[in-house]
Every structure is written in C-alpha cells, then in structure tokens.
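# Chain and residue survey
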Amino acid sequence: MKRFVKQLALLVTIVLTVGAVLFNSQISFAEENPQTQYLTNGGFESDFWTDHTWNIETSNWNNFDVQHYAYTTDPYMKKDEGDYALKYWMKDTAAGDPSFTVKQTIPTLPAGTYELSVKSMGGEGAQSGNIKLFAGSQTINAVATTGYNTWGTITLKFELNQETSNIQVGATVTGAPNAWGYLDSFNLKSVPKPVDASIFVKRVDGLDKDFIKGVDISSISSLEDSGVKFYNEAGKKQDIFKTLHEAGVNYIRVRVWNNPYDAKGNGYGGGNNDLAKAIEIGKRATANHMKLLVDFHYSDFWADPAKQQVPKAWKNLSFDEKRKALYNYTKSSLQAMKAAGIDIGMVQVGNETNGGVAGEKDWANICALFNEGSKAVRAVDPKILVAVHFTNPETAGRYAGYAKTLADNHVDYDVFASSYYPFWHGTLSNLTNVLKNVADMYGKKVMVAETSYTYTAADGDGHGNTAPKDAGQTLNYPITVQGQANSVRDVIQAVANVGSAGIGVFYWEPAWIPVGTPDKLKQNQMKWDKYGSGWAASFAGEYDPDDAGKWYGGSAVDNQAMFDFTGHPLPSLNVFKYVDTGAIATLKIDEVKDLSISAIAGETISLPNTIAVTYNDGSTGYASVTWDNAAFQQAISTGVGTYVINGTVEGGMAVKAKLDIKPQNFVVNPSFENSDRSMWKIIYGTGTSPQADYQLKTSDAKSGDYSLHFYSGTAVDFKVEQTRLGELEQSPS
C-alpha cells in the first residue's frame, strides 16, 4: 500500500455533490484519449460474481448479503439505468457498523482531472447505507441513502499530476444492522481543464453532448436591414451566424407570424417575422451547422399569456375550419422550409400558451389545436420534435396542471418547454423541480425555450428596457457581463439537473441591439417603422391597439443582448461552449453597488473608507474607496439636501454615494422604537375609552418595527403629543 500511495500523485480537489440528478450512463473520455473507457461493467449489467469485473471485499461476509440484482424483481422500483444493479443488506445479526468495499483497478490513468461518480439509493435513518467514494488515497465523507426510490449521485473529483498505474477506485459501504441499498451507474470520466478566458464559468455537471445550446435571433434580418453590423471577437465584420456557432451555439429559434403586415404592406415590427423571414434565417442557420426550432405563434403578432389573438385570415372561421387552417398552415410552412434545405429539429405549436392559442381559450379547443399542429409536423417529418410552450413556472401547481390537461386531452407532443426569466420566474431549484415532475410523470423531454439577463442598466436606443426595474424584479446576479454569463450558465445547469430528459436552453434575442444611439431617437423611430427592427411599429396598432398601438418603439432588451451596442460579441456569449469545460479569468472586481447614506444636519457625517465588492469569480470582499472630498465638504457646508458624491474603488471602478442630509428632528423617539415612551402622551377626548396603543408589527410600520395603532368600533377621539422646551429657540432655523 505504501508503494501504491507513492505512485499516486493525487491532488487536491474533492467535491461532493448529492442530488436526484440522472446522469447519462455512458463514459466521458479524456481529451488525450477520447476513446478510453476507464471502468468495466459500470452499470452492473453483467454478473460481477462470475466475470470478476468488480472486486467486493469485507472482513466478515457473515455481516452482508450482496447481490447482482435484477430490477424486474421489484415492479415498483424506479430503476436507474439498464436492467441490473448491486443490492446490499447488512444482516440483522451483523455486529457494530460493518463495511464492505466494491472496487476496480485501473491499469493506467494519464495525468489530468477526473470525476468518479455512482448512483445510490436505499434505506433512511437507522437503515441507511453510507457510501464513501475513493480513488487511490483520495476520498470523500460518507453520504447516506435517503429512502426507497430516491436515487442520488455521489461524486468525487480528483487530479493526477502524472500518469498513474494500477489505481484503485470504488466505494466503501457501511451501515448498522438492517441497513440496505443499491448502487448503479459507476462512472469514471476525465474532466476538461478550464480554459483561460476573460470571464469565469463553472463547468456544468451532467451535460449531454447533444444538449441544445440555442438562441432566438428572430429580429436579425430587420436589424441588418436597418444597418446594424456584427463583428467577431477579433473586431472584424462577420456573419453573426458564424460567430454564434463559434461560441458554441448549436440551435437557432425563429418565431413565425402568419401575416404581420397591414393592408398596405406595412410591417408590424418585432422583426416582421413571416414565413419568408423564417426561411431566410433557417437557411443561414443550416449553412452554419445549426438546427432550427420553428416557433409558430399562430397569430399575426406577439403571442404570450396576455394575448393570443387569432390571425386576421382566421378571424371569421368556425372552430372546425380553424383546425383545418392551422393544420394546413403548419404543414405548408414546414414543407416550404424543408424544400429550402433547412435542417428543422423542433417545432413549437404555440408560444407561451398559458391563456390560449389562436384566439381559443377553452382547454379542450386549445388541445385540439395543439394536436392539429402536431399532426402536421408528423406528416412532414416524424423525426422533428414537437414542443408545447408555457411560462410562469414559479406559480405552484401550474405546470403539473398543464401537463395533466395535455395528457387528459391526449395531446401528441415530445417536449414541454418553459420560459424562464430569472428576474420574474422564481428560483432555479423550483424550475428544475417542476420540469422534472413533468418529465418523470409523463415521460416528456423538457427545456427552457426563453431566458435572458441584463449585462448593463444602460438604454442603448432611447426605448425603455424591460429590466432592471425599481420594483417587481429579482436581480440575483450582478448587472454585468459576468453576471449575465453566470445567469445563463445556471439556467443550463438547472435543466441538466433534470437528467437525460432535460434537453436544452434557448437565450432570447441576444442580438437585438440598437439601430442607433439614444440621442437620435427620431431617426431610430423611422428605422423601427420602415424595417420592423423595433419591438413594434406604429402600424401594429390596427391589430394590437391596446399594447403595440400605444407603446410601439425600439428594442426593450438591448441591455440583455450578448453583443454590445455596436455589435461586438460580449465575453458572455462564449458561455455556450465554456459550460463544457469551465473557464477561468484574472480575478478582478466585477460589481460595486452604489451607497445610500442618510444623516442629520449638524451631526458628524462620514463616508466609508472601504466598500463591499463582488469579484468576477462570485466571491465577495471589501475594497478601499476614494471619495470626491471637495464635493463631500460642499454638501456638508450646504446642509439639508440630497447630494451625489462620486468615488473611485481601488482598480478604477466608479461608485456613487447618495447622501441625504435631513434637518434635525426635535421630536424624541419619533418612530416609537425605544421602549421608553414616557415623552409621549396619549390624550383621549371626553367620554371616550382608550383606543390607541403602541404596536409591534413591522408590516404596518412606516419605518422600524413599531407604530401607534388605533381602533374604535364607534368614534375615534384622541391626540398624541410631546413637549419640547428650549430646543426650538436654539435652532438656527
């Protein structure tokens, strides 16, 4: 053993992850040896007792029962993968906490970073099995099983500084008498080293090689018609489709409206995305080795939960006629795309259809229309995936309800797709849970069809942005390029965490940048109307008078694009390829939040010498800050008022302090927070009973935790006062 340990130059990092994540059972391979399979019989499909692929050792076999277990033995068991697993039971006669080891010896492992994992399930509490992975001398803390059918993944990451021979890998299993459990899907794979980059990206675990890394750039043709240019990382003008593919994008999504034009041929905007535009975009995607997701809105303009307007041409049709029209429209559109040589991988039958589709709001009718769209897709090409699309995953029970309704109405589809905008749609863990529930319950694939995040709070074209807003949004990431990359990476991880059913993520409109600068608003408006490069043209009012007709204009997401306002790709665009390897960068301050300081005139006022900062690797700390002292002293001298004091953080990042100097308050204990309230007198009117008291209820307090609460079933008649003597005369005011 000593000789073995000397041979083993293991470093460094041990990471434990446990969760109900179903990883692909196939082996990943080292970059140096892409065809190397490190473990034999990792899924226990062959009998390890007879083929000796695994060595199972213990000091006392009287304590254990270890079996090559067939899943068919228990019809209620949720199998991990394949048909067999390893089953163990610590006998009720076992002494103490017995243990056994299951291991393999790998003849040779090249230098590199590796990940050893196993799926585990079994008893809980006193009957739990405890699994400790090891690779040579490196190990992790034991992980307990948590119950029947609750499969979890246990992972050990380790590094080899040099090629290593005869390294033993496996697991030690311990437990009290009557402990039991199962092991499956042992996997040893190499982990690519993080690439050097200008942003940090944590590698996504469990990402299938065919995972969809898509973007929706439906507005691209109208933007280019408006004069917008795009560049590559070297600063040279380049077809954006090539740039996207180089960044790791493998799928393009395009929305399709039936007829987004008025009677005079004026486009409604939003890219004027009719079939011709979809064919143009699809051909460019195919030419750059990316598949196409066709997003039929079954409307002449935007379809979302708030509006699902019927196309103009279908307005007076009966429901049966509408069904036929939807089928024929879907089929003929896809046939035209296929004839143009477009590689269609998926079709959405509707967009964010929470509230209906094509003007229908009854769920029986909605489902019937879904089936017409699906039937048309199957008729054109049975290999194309059919997706349904909803939003608001944060609402409890919503997706479970939709999925049940689809099943009850026998809707034929393959993919349940969700929008997920982190500032509106709840937590990522909830997203994983609701998608996994649909996948497990109904056997469907799941994905995120739309997501995005802000990299700047600036407005590039004079038309307001959807985020950030002062209220109603959750912005858990810095509003920076790094924050944007983190957000996208984490959404990808959340979908990967569903397991093999989680097939992909699409970023919404990463190229919808300004057609001009904010100071040239009139020129921008002319382009938005002429080319449809804003979210809505003025002409859209005839079809959508209550929304587009009032608020038409430019891009509301230019600050969520993955290109800057001049068309150069942001480093965050590369997140689509960095999720496979990880990326590391030079550590630097990424975000400094501005301060708000409240002070009383005449009191000593100071600004902090250090300020909280967030670094680009996600860590936090404090950095020194230098303030504009002249402006600060001027504010103090001037007195009551609101001032902005500029500061510079070490490294050069700017920060602002909003200084609010308030007049002196001569009222003592003004918010009733101090328990001594003797300075206050509550005086009731003649003949009235006490009707007021000090209340500890933060939600009712204007500030702090207390307020003066009053109530009477009849009349209210009281006053609250305090007396101050001598102080007002001394006041300079």
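So, a few notes on the structure that sits alongside this text. (Residues numbered from 1 in each chain as written. Predicted model: local features only at pLDDT ≥ 70, side-chain atom pairs only at ≥ 80, totals over all residues. Heavy atoms only, no water.)

## What to know about the overall build of the protein
Looking only at helices and strands, the protein has 15 helices and 32 strands in total. Principal-axis analysis of the C-alpha atoms places the extent of the protein at approximately 100 × 75 × 60 Å. Per-residue burial over the protein gives 51% buried out of 733 residues. Accessible surface for the protein amounts to roughly 33300 Å². Of this, 50% is attributable to carbon and sulfur atoms. Seen as two clouds, the 64 positive and the 79 negative side-chain charges of the protein have centres 3 Å apart. (Helix = DSSP H or I, 4+ residues; strand = E, 2+ residues; numbered from the N terminus. Buried < 20%, exposed > 50% of the residue type's maximum accessible area, 1.4 Å probe, protein only. Areas by Shrake-Rupley, 256 points an atom, 1.4 Å probe, with all protein chains shown as cover. Lys, Arg positive; Asp, Glu negative; His and termini not counted. Charge placed at Lys NZ, Arg CZ, Asp CG, Glu CD.)

## Here's the deal with the packing of helix H9 (residues 428–442) against helix H10 (residues 481–496)
Packing of H9 against H10 leaves a shortest axis separation of 8 Å and a crossing angle of 30°. It follows from the interaxial angle that H9 and H10 lie roughly parallel. When you trace H9 past H10, the crossing you get is right-handed. Residue-level contacts link Leu428, Leu431 and Thr432 of H9 to Asp490, Val491 and Ala494 of H10. For the contact of H9 with H10, a count of residues per class yields four nonpolar, one polar and one charged. (Axes fitted to C-alpha atoms, helices over the stretch in contact; angles between N-to-C directions. Parallel < 35°, antiparallel > 145°, perpendicular 65-115°, else oblique. Left-handed = near helix turned anticlockwise from the far one by under 90°. Contact = heavy atoms within 4.5 Å. Nonpolar A, V, L, I, M, F, W, Y, C, P; charged D, E, K, R; others polar.)

## So, the sheet that holds strand E23 (residues 589–592)
The six strands lie next to each other as E23-E25-E26-E27-E28-E24, forming an open sheet whose pairing is mixed. In the strand order of this sheet, the two ends are held by E23 and strand E24 (595–600), each with one partner. Between one strand axis and the next, the sheet turns through 45° on average, direction left out of account. Where strand E27 (residues 641–649) and strand E28 (residues 654–662) come together, eight bridges link them in antiparallel fashion. Each bridged residue has a counterpart across the sheet, and for glycine 641 the counterpart in E28 is isoleucine 661. Most of the contacts of helix H14 (residues 629–638) go to E27, to which it runs at about 160°, and overall it touches strand E26 (620–627), E27 and E28. (Pairing = 2+ DSSP bridges.)

## Things to note about the environment of aspartate 461
Along the chain, aspartate 461 falls in the loop between strand E20 (445–450) and H10. When the C-alpha positions of aspartate 461 and lysine 520 are compared, they lie 8.0 Å apart, and in sequence the two are 59 residues distant. Once you skip the residues sitting within four places of it in the chain, aspartate 461 turns out to touch Pro514, Gly516, Thr517, Pro518, Leu521, Asn524, Trp528, Gly554, Ser555 and Asp558. Here the side chain of aspartate 461 touches histidine 463 through a polar contact of 2.9 Å, landing on its backbone nitrogen. In this structure the side chain of aspartate 461 is engaged in a polar contact, spanning 2.9 Å, whose partner is the backbone nitrogen of serine 555. (Polar contact = N/O pair within 3.5 Å; in protein donor to acceptor, adjacent residues only side chain to side chain.)

## Some details on unusual backbone geometry
Along the chain, alanine 467 connects to proline 468 via a cis peptide bond; the corresponding omega equals 0°. In this structure, proline 468 sits in the loop between E20 and H10. Although it is not a glycine, asparagine 149 adopts a positive phi angle of roughly 65°. Positionally, asparagine 149 belongs in strand E10 (residues 147–160). The phi dihedral of tyrosine 298 falls on the positive side, at around 50°, and the residue is not glycine. Here tyrosine 298 is to be found in the loop between strand E16 (291–296) and helix H6 (319–339).

## Let's talk about the nonpolar core
Ile252, Met337 and Phe416 are the most contacted members of the largest nonpolar core, which has 107 residues in total. For this core, the leading source of residues is H10, giving seven residues. Apart from residues no more than four positions distant in its own chain, isoleucine 252 is found in contact with Val215, Ile217, Phe241, Leu244, Ile281, Ala285, Met290, Lys291, Leu292, Leu293 and Phe506. In terms of nonpolar packing, the next biggest core, distinct from the first, is built from 35 residues, Val66, Leu160, Ile167 and Phe186 among them. (Core = buried A, V, L, I, M, F, W, Y, C linked by side-chain atoms within 4.5 Å.)

## Observations concerning the sheet that holds strand E19 (residues 415–419)
Around the barrel, which closes on itself, the eight strands sit in the order E14-E15-E16-E17-E18-E19-E20-E21 with parallel pairing between neighbours. On average, each strand axis in the sheet is inclined to that of its neighbour by 25°, with strand direction left out of account. Alignment of E20 against strand E21 (residues 502–508), held across three bridges, turns out to be parallel. Bridge pairing in E21 links methionine 447 to glycine 504. Along the sheet, H9 makes contact with E19 and E20, crossing E20 at roughly 140°.

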